[in-house]
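Each chain, letter by letter, is given below.
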Amino acid sequence: MSSNRLSTALQFSALGLLWGASFLFMKVALGGVSFGQVAWTRLVLGALTLGLVMLVLRTRLPREPIVYLHFVVIGAFGCAIPYLLFAWAEQYVTSGLASIYNAVTPITTALMVTLVFRVEKLDRSRVLGVVAGILGVIVIIGPWSFVASEAAHGDLLLELAGQLACIGSAICYGFTFGYIRRFISNRHPVSGLTAAFLQVGMGAAILLVLTPFVALGPIALDVPIVVSLVLLGVLGTGLAYYWYMNILNAWGPTATSTVTYLTPVVGVALGILLLGETLSWNAPVGAVIVFAGILLAQGRLRLPHRRGPGRVARDAEKTAAEAG
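Note that this is a predicted model, so its numbers are computed, not measured.

Colleague: Looking at this model, I keep getting lost on the overall build of the chain. Mind explaining?
Modeller: The secondary structure content of the chain amounts to 15 helices and zero strands. In the chain, which comprises 324 residues, the share counted as buried stands at 47%. Expressed as a percentage of contacts within the chain between residues at least 6 apart in sequence, the contacts between residues at least 24 apart total 89%.

The structure is reproduced here in structure tokens:
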């Protein structure tokens, strides 16, 4: 029992490190390949890795054709589109800032599962959490900087476009979680490993079809670039998804989602230490506001309930009955 707990804890730590480091890997890889080639390579390597794990563990694929159609959508919005957006964005924003925007996913998930797919409801605390998350994003963007500086207006617009692309990725992830909850979890349940393979595999299939548009072009490979692509694909996109499903089965969704707090810390630290990146004051301040919003949106922080006269009377009656 203790060895299983240790194994899960180690997988959780490795998951946080890998997903945080993924933004560093993308930044390094962009030094020799295009953003489309980064997304294409990580998905193909990730799908091959998960496929090998499926073969070793002799995991069966689902038989219902509708499941594969659903996973085409999940692969597109959960992998292909956000991976392209993040890789494109990191041409104009730091890897640390991209990792911070990735942490906005729980906020976009809360919006999608309540407003789009209607599989959950927002109470007062969760609404406040979503509002706080949006406010945190605005602080991270720092719209005042785009008004104050006109000398580097073009660069600032590209940076803004990169930040919006990162937000678009987080929206895609939120859509994916809501879609899985609505169409897969209760109607067509599949094992965690199978879901990971189908999601990454369908994402890879989509980019393989789009190879002439996203993956062709000049490349300039060296050891750091090749190592970054391999680590990003085999570990960050392949084994990481397998570990994530193991942790989810062992700890449940609430505890597993705390990896959200670890990945931006790792991403920012690696960007500063290895790439010499810097962050403006508003990025960490906005991140703190976002994290507070996540705690509220996930129900881990709750506002105190108002107790009207009727509630007070009922509580007094309940206390008297228990004492009797």
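Colleague: What's the story with the pattern of salt bridges in this structure? I'm lost.
Modeller: Side-chain pairing between opposite charges can occur once the charged atoms of the two side chains come close. The final tally for this structure, using the stated rule, is one salt bridge. Taking the shortest distance from any N to any O, the salt bridge between arginine 126 and aspartate 123 comes out at 4.0 Å.

Colleague: Please explain helix α3 (residues 65-89) as it appears in this structure.
Modeller: Given 3.6 residues per helical turn, the α-helix brings residues three or four places apart onto the same face. Counted at 1.5 Å a residue, the expected span for α3 with its 25 residues is 36 Å, and the 35 Å between its end C-alpha atoms agrees. Maximal helix bending in α3 amounts to about 40°, located at alanine 76.

Colleague: Quick question: what am I supposed to make of the packing of aromatic side chains here?
Modeller: Aromatic ring pairs are reported here in terms of the distance separating the ring centres and the angle at which the planes meet. One pass over the full model with this rule turns up 12 aromatic pairs. Judged by centre distance (5.6 Å) and plane angle (40°), the rings of tryptophan 19 and tyrosine 244 are tilted. Note that tryptophan 19 is positioned in helix α1 (residues 2-29) and tyrosine 244 in helix α11 (residues 223-251), a separation of 225 residues in sequence. Aromatic ring contacts, followed pair by pair, group Phe77, Phe117, Phe175, Tyr179 and Phe183 into a single cluster. In this arrangement the basic side chain of arginine 42 is found over the ring face of tyrosine 83, its NZ or CZ atom lying 3.6 Å from the centre. Positioned over the ring face of phenylalanine 183 is arginine 182, at 5.0 Å from the centre of the ring.

Colleague: Please clarify how the environment of glutamate 120 should be interpreted in this entry.
Modeller: Tracing the chain through its elements places glutamate 120 in the loop between α5 (105-116) and α6 (124-141). In this view, glutamate 120 contacts Val113, Thr114 and Arg181; residues no more than four positions away in its chain are not counted.

Colleague: Could you clarify how one ought to interpret a nonpolar patch on the surface in this entry?
Modeller: On the surface, Leu52, Leu55, Val56 and Leu57 cluster together to form a nonpolar patch covering roughly 430 Å² of accessible area. Mapped onto the elements, valine 56 comes out in helix α2 (residues 35-57). Note on valine 56: relative accessible area 61%, which makes it exposed.

Colleague: So what exactly am I meant to see when it comes to the nonpolar core here?
Modeller: The biggest cluster of nonpolar side chains holds 74 residues, and the ones touching the most others in it are Val38, Leu43, Phe71 and Tyr101. Residue contributions to this core peak at 10 residues, all from α3. The contact partners of valine 38, leaving out residues within four places of it in the chain, are Met26, Ala29, Leu30, Val33, Ala87, Leu229 and Leu232.

Colleague: Is there a simple way to think about the packing of α2 against α3 in this case?
Modeller: If you want to describe how two helices pack, look at the angle between their axes and the distance between the axes. Between α2 and α3, the shortest axis-to-axis distance is 8 Å and the interhelical angle comes to 140°. Judged by the inter-axis angle, α2 sits oblique to α3. In this structure, α2 meets α3 at a crossing whose hand is right-handed. On α3, the residues touching Phe35, Gly36, Val38, Ala39, Arg42 and Leu43 of α2 are Cys79, Ala80, Tyr83, Leu84, Ala87 and Trp88. Its residues assigned to classes, the contact of α2 with α3 comprises 10 nonpolar, one polar and one charged.

Criteria and cut-off values
- Residues numbered from 1 in each chain as written.
- Predicted model: local features only at pLDDT ≥ 70, side-chain atom pairs only at ≥ 80, totals over all residues.
- Heavy atoms only, no water.
- Helix = DSSP H or I, 4+ residues; strand = E, 2+ residues; numbered from the N terminus.
- Buried < 20%, exposed > 50% of the residue type's maximum accessible area, 1.4 Å probe, protein only.
- Contact = heavy atoms within 4.5 Å.
- Salt bridge = Lys/Arg side-chain N within 4 Å of Asp/Glu carboxyl O.
- Expected span 1.5 Å × (residues − 1).
- Bend = angle between axes of the 7 residues up to and from the residue.
- Phe/Tyr/Trp six-rings, centres within 6.5 Å; stacked < 30°, edge-to-face > 60°.
- Lys NZ or Arg CZ within 6 Å of the ring centre and 35° of its normal.
- Patch = residues over 30% accessible without salt bridge, like charges linked within 9 Å, V, L, I, M, F, W, Y side chains within 5 Å.
- Areas by Shrake-Rupley, 256 points an atom, 1.4 Å probe, with all protein chains shown as cover.
- Core = buried A, V, L, I, M, F, W, Y, C linked by side-chain atoms within 4.5 Å.
- Axes fitted to C-alpha atoms, helices over the stretch in contact; angles between N-to-C directions.
- Parallel < 35°, antiparallel > 145°, perpendicular 65-115°, else oblique.
- Left-handed = near helix turned anticlockwise from the far one by under 90°.
- Nonpolar A, V, L, I, M, F, W, Y, C, P; charged D, E, K, R; others polar.

From the geometry alone we can't say anything about function, so treat these as descriptive.
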